[in-house]
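Each chain, written out:
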Amino acid sequence: MLIRMELARIIISEINDQQVVFLREVDGERSFPILIGIFEATSIDRRVQGHVPPRPLTHDLLKNVIQEMGGELQDVVITNLVEHTYYAVLRIRLNGELVEVDSRPSDAIALAAHYDPHLPIYVDEDVIEQAG
């Protein structure tokens, strides 16, 4: 079963290379952290703060490519946790079909944050249980 989550917190550390995003259950109390890279963390943080760059950065580019090709990013799903590595997919509606594209969770969350309002983030319940 997929559980709707929201971005609860971003921790950006200038001392080390492990940034953290915390996801929190929308209609519940569960939450968990995901370690991400500095690029994805700053991309997410910029959008949460409302900063839009004058030229498209990587996540803006991906958003634009999806739209220009006639697709619509529906949501992102964190699907699996294997040996401390999370897996995710972008779910894109294209020509009446749902296409799932493999993604790192950090990029998926960053891309979801580039929409206004932010796109839904879902996490497989098994992942939440394993992470907890």
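Here is a short report on the structure shown in this document. Quick caveat: nothing in here was measured; it's all calculated off a predicted structure.

Cut-off values and rules
- Counting restarts for each chain: residues are numbered from 1 in the order of the written sequence.
- Local features in this predicted model are restricted to residues of pLDDT 70 or higher, and side-chain atom pairs are both shown and tallied only at a pLDDT of 80 or more, whereas totals for entire chains, interfaces and linings draw on every residue.
- Values reported for side chains reflect all heavy atoms of the structure, with hydrogen atoms and water molecules removed beforehand.
- Relative accessibility thresholds used throughout: buried, under 20% of the residue-type maximum; exposed, over 50%; partly exposed, between the two (1.4 Å probe, protein chains only).
- Only DSSP runs of H or I reaching four residues or more are called helices, and only runs of E reaching two or more are called strands; each is numbered from the N terminus.
- What the arc covers is the set of directions going from the helix axis to the C-beta atoms.
- Whether two residues touch is decided by their heavy atoms; if any such pair falls within 4.5 Å, the residues are in contact.
- Where helices are involved, their axes are fitted lines through C-alpha atoms of the stretch in contact, as for all axes, and angles between N-to-C directions lie from 0 to 180°.
- Oblique is the label for any angle not covered by the other classes, which are roughly parallel (under 35 degrees), roughly antiparallel (over 145) and roughly perpendicular (65 to 115).
- Each residue is assigned to one of three groups, with Ala, Val, Leu, Ile, Met, Phe, Trp, Tyr, Cys and Pro labelled nonpolar, Asp, Glu, Lys and Arg labelled charged, and all others, Gly among them, labelled polar.
- Two strands are counted as paired when DSSP detects at least two bridges linking them.
- Each Phe, Tyr or Trp ring, with Trp reduced to its six-membered ring, pairs with another whose centre is within 6.5 Å; inter-plane angles below 30 degrees give stacked pairs, above 60 give edge-to-face pairs, and intermediate values give tilted ones.
- Think of it as a cone above the ring: NZ of Lys or CZ of Arg counts as a charge over the ring if it is within 6 Å of the ring centre and within 35 degrees of the ring normal.

1. Some points on helix H1 (residues 38-48)
Right, so step 1: Those residues of H1 that sit buried are Glu-40, Ala-41, Ser-43, Ile-44 and Arg-47. Along H1, the residues classed as buried sweep out an arc of 165 degrees about the axis, all on the same side.
Right, so step 2: Buried residues in H1 make contact with strand E1 (2-11), strand E2 (19-25), strand E3 (31-36), helix H2 (58-68) and helix H3 (105-113).
Right, so step 3: Looking one or two residues past H1, Gly-50 carries a phi angle of roughly 85 degrees, positive in sign.

2. Some thoughts on the packing of H1 against H2
Right, so step 1: It is at 10 Å that the axes of H1 and H2 come closest, and there the two elements cross at 75 degrees. With respect to H2, the element H1 is oriented roughly perpendicular. Residue-level contacts link Phe-39, Glu-40, Ser-43 and Arg-47 of H1 to Thr-58, His-59 and Asp-60 of H2.
Right, so step 2: Here the residues of the contact of H1 with H2 sort into one nonpolar, three polar and three charged.

3. A look at the pairing of E2
Right, so step 1: Across the seven residues that make up E2, a large majority, five, are buried.
Right, so step 2: As paired strands, E1 and E2 are joined by six bridges and run antiparallel to one another. For Glu-6, the partnering residue across the bridge sits in E2 and is Arg-24.
Right, so step 3: Bridge count between E2 and E3: six bridges; the pairing is antiparallel. Within E3, the position partnered with Leu-23 by the bridge is Phe-32.
Right, so step 4: Count of turn residues in the E2/E3 antiparallel hairpin: five residues.

4. Focus: the environment of Gly-28
Right, so step 1: Secondary-structure assignment places Gly-28 in the loop between E2 and E3.
Right, so step 2: For Gly-28, a relative accessible area of 31% gives the class partly exposed.

5. A closer look at the sheet that holds E3
Right, so step 1: With mixed pairing, the seven strands of this open sheet are ordered in space as E3-E2-E1-E7-E4-E5-E6. The open sheet has two edge strands with one neighbour each: E3 and strand E6 (97-103). Neighbour-to-neighbour, the strand axes of this sheet turn through a mean angle of 35 degrees, independent of strand direction.
Right, so step 2: Sitting on the sheet, H1 is in contact with E1, E2 and E3, with an inclination near 95 degrees to E1.
Right, so step 3: In this fold H3 packs onto E1, E2, E3, strand E4 (72-82), strand E5 (85-94), E6 and strand E7 (121-124), with an angle of close to 40 degrees to the strand it touches most, E5.

6. Regarding the packing of aromatic side chains
Right, so step 1: Applying the stated criterion across every chain yields a total of one aromatic pair.
Right, so step 2: With a centroid separation of 5.8 Å and 20 degrees between ring planes, the pair formed by Phe-32 and Tyr-86 is classed as stacked. Separated by 54 residues along the polypeptide, Phe-32 in strand E3 and Tyr-86 in strand E5 bring together distant segments of the chain.
Right, so step 3: The ring of Tyr-115 carries the charged tip of Lys-63 above its face, separated from the ring centre by 4.6 Å.

7. Observations concerning the pairing of E6
Right, so step 1: Two strands pair when backbone bridges link them, and E5 and E6 are joined in this way by seven bridges, in the antiparallel orientation. Its bridge partner being in E6, Ile-92 is matched across the sheet by Val-99.
Right, so step 2: Counting the residues between successive antiparallel strands, the hairpin from E5 to E6 contains two residues, one of them, Asn-95, with a positive phi of roughly 50 degrees.

Coordinates in, geometry out; function isn't part of it.
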